[in-house]
Amino acid sequence: MTFERDRESKNPERGNRYETSHYKSALLSDPWKPCRRPRAIVKEWLLTLRCCLGAMCGMEWYSYAALGIVMAFLSFLMDLSVTKLLSAHQWLYMKLEGNSLLQFVCWTLYPACLCAVASSFSHNICPFSTGSGIPEVRTMLSGIEMPHYLSLTNMFAKFLGLICTLAAGSTVFLGKVGPFVHLSTMVGSYLSKFFTPVQANKKDKAAGEMLVVAAAVGVASCFGAPVSGVLFSVEVMSSHFALTHYVPCFFAAACGALTFRLFTVWSGDEETLQALFKTNFPTALPFYPLEILLFAFLGLLCGAASCCYLSCHRWILQFTKTNPVFIKMLATEKGLYSGMVAFLLASVTFPNFAGQYMASKVRITTPHLLLDSRQWSSQFHNASVHLEPEPLLEWSSPGSPVYLPLAFFLLMKMWMLVLACTLPVPAGYFMPVFVYGAALGRLHAEGVAYVFSSGVTSGQQWASINPGGYALAGAAALSGAVTHTLSPALLAIELTGQFSHAGPVLLATLLANALARSGHRPSFYDALSVSKRLPHLPSLKRACPQLPSVAVGQFLGVKPIQLQKAAGPAEIEHAVKTSSQTQIPVVDSHESPILLGFVLPIRTLEKHLDEVCCVRPASVLLSPHSTVQEAHGVLSLVGDQTLYVTERGRLVGLLTWSEMKKILEDLAREI
């Protein structure tokens, strides 16, 4: 016979919750839940609705569609709120025109106060809501449980804090992609719990699948780009992407992207569904074959820029962890620190100061202006041509070529972005890098156009260089190199609809990735994972390739509680009371601990173990010489099962996800 743990004796609510025949009685008999009878009525109606909907298709598909629609609504609501706050700041700044002192106060204190509020609010409500959230989501998708990062409080704090951060504008130069992916996983987690009573036997599988789907929906609902959202989920989020997740990811991402674009139409911002960033690239001859070499050089240039940025980012992370002043401020005075850094960044970008040389009035938070297909250098020197839109005039400086403001913008934004990454606020770091790459590509094209003012030749024809195409390629190449992914290439195409530049954009992204990955350099998210000491093995492997090759036997502690096959009632009772595992290993004898299998924890027995219990064989065994990477891979495949470590058949230890988490945390501390 098979023995099982008496879980209901320890948690009677859990035992009744998933028995469909006792939904109503469980609610009515629980004295700790308010409004028991209305809850029972609602539960009964939900079960009836579930039966009707389940007759058409699986209930999980409704949850995928609901996830996409909810995240699209939250994305649109966030964009609307941020737009209103930015417009208010711009209106107040223009009203103070003529008084430089008051304009300086308005320009600097507005983002400083918003960042201070975002930091203080997030820290006091939920400290886990700061930062991107992508490193934590990657860790959870690798099999490590981190429930505090999926709490309702975290979701509330992250959403409001992110609105304040984005409302600070281009002075702080941060984005929303990463936190929105984190928000999507939180919403997906709650939707998964909502459908858990329906699929109680698939609870863990449904929850894991929902997190993978939510990662794709987070990107898709930010930009209305479903395909690149799924590819992002494959590349960045999931170390083991199952093919069974493929269709759910596309379905939910399509629902999110379509709903997000429909909201822009219904709000009156757009007349129909179209690309998020409008471009006017020439369609007859988008680029000449010889320009492929220029795109390849741009890819290498972006790769070099990514190496510089990632090195500065790793240095600033290490500096904030070791400098006593930073340690104290980031531990006790997060609001003050955020306000001071935002004030410094806003002072630098003040339009009457250095900001006049980097087009600070334009508030570049998206690359749409940099994607203009016209050559600014030739336009600015042509008095008969009037630039439209008017914000493009901000890039002109009297008596200086246009590439000087672009070069100054790149020089200043490099250190400003690195400094902004230390802010303890909910913030994303993908879009700022995307914009930075677009500016780098624009500078590259304007420089080439200045040197070859007659254009690039191909046969007998001449054509002017399209700087917008190079800005598009630069945006994809740099963001792809920083994150070690190729999905930004597809994202750039989806955002603009310029499929004519798919080849050059992909080439630049590939070359930038090749240069950024050389020398086992960790990506941006890998560096964050290592800095936070998260138990994420792929990040540890990239940061220190030899660590995953450490033998798992070095981390085995005290021998696990075990039973010999002829154990009596007293030994069994002692093992059940002292063991914290759901499975107790069975050995031949204590003198010869040859592993025979395992039994589930039991109550009490009046006979010997071998007389009444059938020992289950262990399907997977590990050796003490197995590496941490091998053990992690096996755990990822077997799920919640306990792995037994044996040497020549003798039991020497066991390994579960909790032990693996401790091992990875110990390895992270050694880096």
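Presented here is an overview of the structure given in this document. (Residues numbered from 1 in each chain as written. Predicted model: local features only at pLDDT ≥ 70, side-chain atom pairs only at ≥ 80, totals over all residues. Heavy atoms only, no water.)

**Thoughts on the overall build of the protein chain**
Phase 1 of the analysis: In terms of regular secondary structure, the protein chain is built from 27 helices and eight strands.
Phase 2 of the analysis: Looking at the protein chain as a whole, 51% of its 671 residues qualify as buried.
Phase 3 of the analysis: Relative to all contacts within the protein chain whose residues are 6 or more apart in sequence, the contacts with residues 24 or more apart total 73%.
Phase 4 of the analysis: For the protein chain, the accessible area works out to roughly 30400 Å², and carbon and sulfur atoms hold 62% of it. (Helix = DSSP H or I, 4+ residues; strand = E, 2+ residues; numbered from the N terminus. Buried < 20%, exposed > 50% of the residue type's maximum accessible area, 1.4 Å probe, protein only. Contact = heavy atoms within 4.5 Å. Areas by Shrake-Rupley, 256 points an atom, 1.4 Å probe, with all protein chains shown as cover.)

**Some details on the pairing of strand 7 (residues 643-647)**
Phase 1 of the analysis: Burial within strand 7 is extensive, with four of its five residues counted as buried.
Phase 2 of the analysis: Sheet topology places strand 6 (residues 621-622) next to strand 7; two bridges connect them, and they run parallel. By the bridge assignment for strand 7, Leu 621 is matched with Tyr 644.
Phase 3 of the analysis: Viewed along the sheet, the connection from strand 6 through helix 26 (residues 628-638) into strand 7 turns out right-handed.
Phase 4 of the analysis: In this structure, strand 7 lies alongside strand 8 (residues 650-655), joined through five bridges in antiparallel fashion. (Pairing = 2+ DSSP bridges. Right-handed = clockwise from strand over helix to strand, strands pointing away.)

**Points about the packing of helix 14 (residues 324-332) against helix 15 (residues 334-348)**
Helix packing geometry: the angle between the two helix axes and the distance between the axes.
Phase 1 of the analysis: Relative to each other, helix 14 and helix 15 sit at 115°, their axes nearing to 5 Å. Judged on the interaxial angle alone, helix 15 and helix 14 are roughly perpendicular. Here helix 14 contributes Phe 326, Met 329, Leu 330 and Thr 332 to the contact with helix 15, which in turn contributes Lys 334, Leu 336, Tyr 337 and Met 340.
Phase 2 of the analysis: Residue classes in the contact of helix 14 with helix 15 are distributed as six nonpolar, one polar and one charged. (Axes fitted to C-alpha atoms, helices over the stretch in contact; angles between N-to-C directions. Parallel < 35°, antiparallel > 145°, perpendicular 65-115°, else oblique. Nonpolar A, V, L, I, M, F, W, Y, C, P; charged D, E, K, R; others polar.)

**Focus on the sheet that holds strand 5 (residues 595-599)**
The pairing of strands in a sheet comes from backbone hydrogen bonds and takes either a parallel or an antiparallel form.
Phase 1 of the analysis: With mixed pairing, three strands are arranged side by side in an open sheet as 3-4-5. Every interior strand has two partners, whereas the edge strands, strand 3 (563-564) and strand 5, have only one.
Phase 2 of the analysis: As paired strands, strand 4 (residues 584-587) and strand 5 are joined by four bridges and run antiparallel to one another. Residue pairing across strands places Pro 585 opposite Phe 598, the latter belonging to strand 5.

**Section: the environment of Cys 222**
Phase 1 of the analysis: Along the chain, Cys 222 falls in helix 10 (residues 203-223).
Phase 2 of the analysis: The class of Cys 222 is buried, set by a relative accessible area of 4%.
Phase 3 of the analysis: Cys 222 sits 150 residues away from Ala 72 along the chain, and the two C-alpha atoms are 7.5 Å apart.
Phase 4 of the analysis: If we ignore the near neighbours within four places in the chain, the residues touching Cys 222 are Ser 75, Lys 176, Val 177, Phe 180 and Phe 260.

**Remarks on the sheet that holds strand 6**
Phase 1 of the analysis: Taken in spatial order, the three strands of this open sheet run 6-7-8, and their pairing is mixed. Two strands close off the open sheet at either side, each with one partner strand: strand 6 and strand 8.
Phase 2 of the analysis: Here helix 26 sits on the sheet in contact with strand 6, strand 7 and strand 8, set at roughly 140° to strand 7.

**Some words on the side chain of Ser 122**
Phase 1 of the analysis: Summarising the element assignment, Ser 122 is placed in helix 6 (residues 100-125).
Phase 2 of the analysis: Residue classification places Ser 122 among the buried residues on the basis of a relative accessible area of 0%.
Phase 3 of the analysis: A distance of 2.8 Å separates the side chain of Ser 122 from the backbone oxygen of Ala 118, its partner in a polar contact.
Phase 4 of the analysis: Look past the residues within four positions of Ser 122 in its chain and what remains in contact with it is Pro 127, Ser 129, Thr 130, Ala 157, Gly 161 and Pro 426. (Polar contact = N/O pair within 3.5 Å; in protein donor to acceptor, adjacent residues only side chain to side chain.)

**Considering unusual backbone geometry**
Phase 1 of the analysis: We note that His 484 has phi near 60°; this positive angle belongs to a residue other than glycine.
Phase 2 of the analysis: Along the chain, His 484 turns up in the loop between helix 19 (467-483) and helix 20 (487-496).
Phase 3 of the analysis: We note that Arg 648 has phi near 60°; this positive angle belongs to a residue other than glycine.
Phase 4 of the analysis: Within the secondary structure layout, Arg 648 lies in the loop between strand 7 and strand 8.

**Side note on the packing of helix 13 (residues 291-322) against helix 19**
Phase 1 of the analysis: Contact geometry of helix 13 with helix 19 gives a least axis separation of 8 Å together with a crossing angle of 40°. In this view, helix 13 runs oblique relative to helix 19, as classed from their interaxial angle. Where helix 13 crosses over helix 19, the two elements pack in a sense that is right-handed. On helix 19, the residues that touch Glu 291, Leu 294, Phe 295, Leu 298, Cys 302, Ala 305, Ser 306, Tyr 309 and Leu 310 of helix 13 are Gly 469, Tyr 470, Ala 473, Gly 474, Ala 477, Leu 478, Ala 481 and Val 482.
Phase 2 of the analysis: Class assignment of the residues belonging to the contact of helix 13 with helix 19 gives a composition of 13 nonpolar, three polar and one charged. (Left-handed = near helix turned anticlockwise from the far one by under 90°.)

**Focus: helix 12 (residues 246-266)**
Phase 1 of the analysis: End to end, helix 12 covers 30 Å across 21 residues, agreeing with the expected 30 Å (1.5 Å per residue, within 8%).
Phase 2 of the analysis: Along helix 12, the residues that are buried comprise Pro 248, Cys 249, Ala 252, Ala 253, Cys 255, Gly 256, Ala 257, Thr 259, Phe 260, Arg 261, Phe 263 and Thr 264.
Phase 3 of the analysis: Looking at the residues trailing helix 12, positive phi occurs at Gly 268, about 90°. (Expected span 1.5 Å × (residues − 1).)

**Describing the state of the cysteines**
In a disulfide, the sulfur atoms of two cysteines are held together by a covalent bond.
Phase 1 of the analysis: Under the counting rule described, the total for this entry stands at zero disulfides.
Phase 2 of the analysis: Cys 307 takes part in no disulfide bond, and the closest cysteine sulfur to it belongs to Cys 308, at a distance of 8.8 Å. (Disulfide = S-S within 2.5 Å.)

**Some remarks on a nonpolar patch on the surface**
Phase 1 of the analysis: Where nonpolar side chains cluster on the molecular surface, the patch consists of Val 42, Leu 46, Leu 49 and Phe 194 and spans about 360 Å² of accessible area.
Phase 2 of the analysis: For the nonpolar patch, the element with the highest residue contribution is helix 4 (residues 36-54), accounting for three residues.
Phase 3 of the analysis: By the secondary structure assignment, Leu 49 is in helix 4. (Patch = residues over 30% accessible without salt bridge, like charges linked within 9 Å, V, L, I, M, F, W, Y side chains within 5 Å. Salt bridge = Lys/Arg side-chain N within 4 Å of Asp/Glu carboxyl O.)

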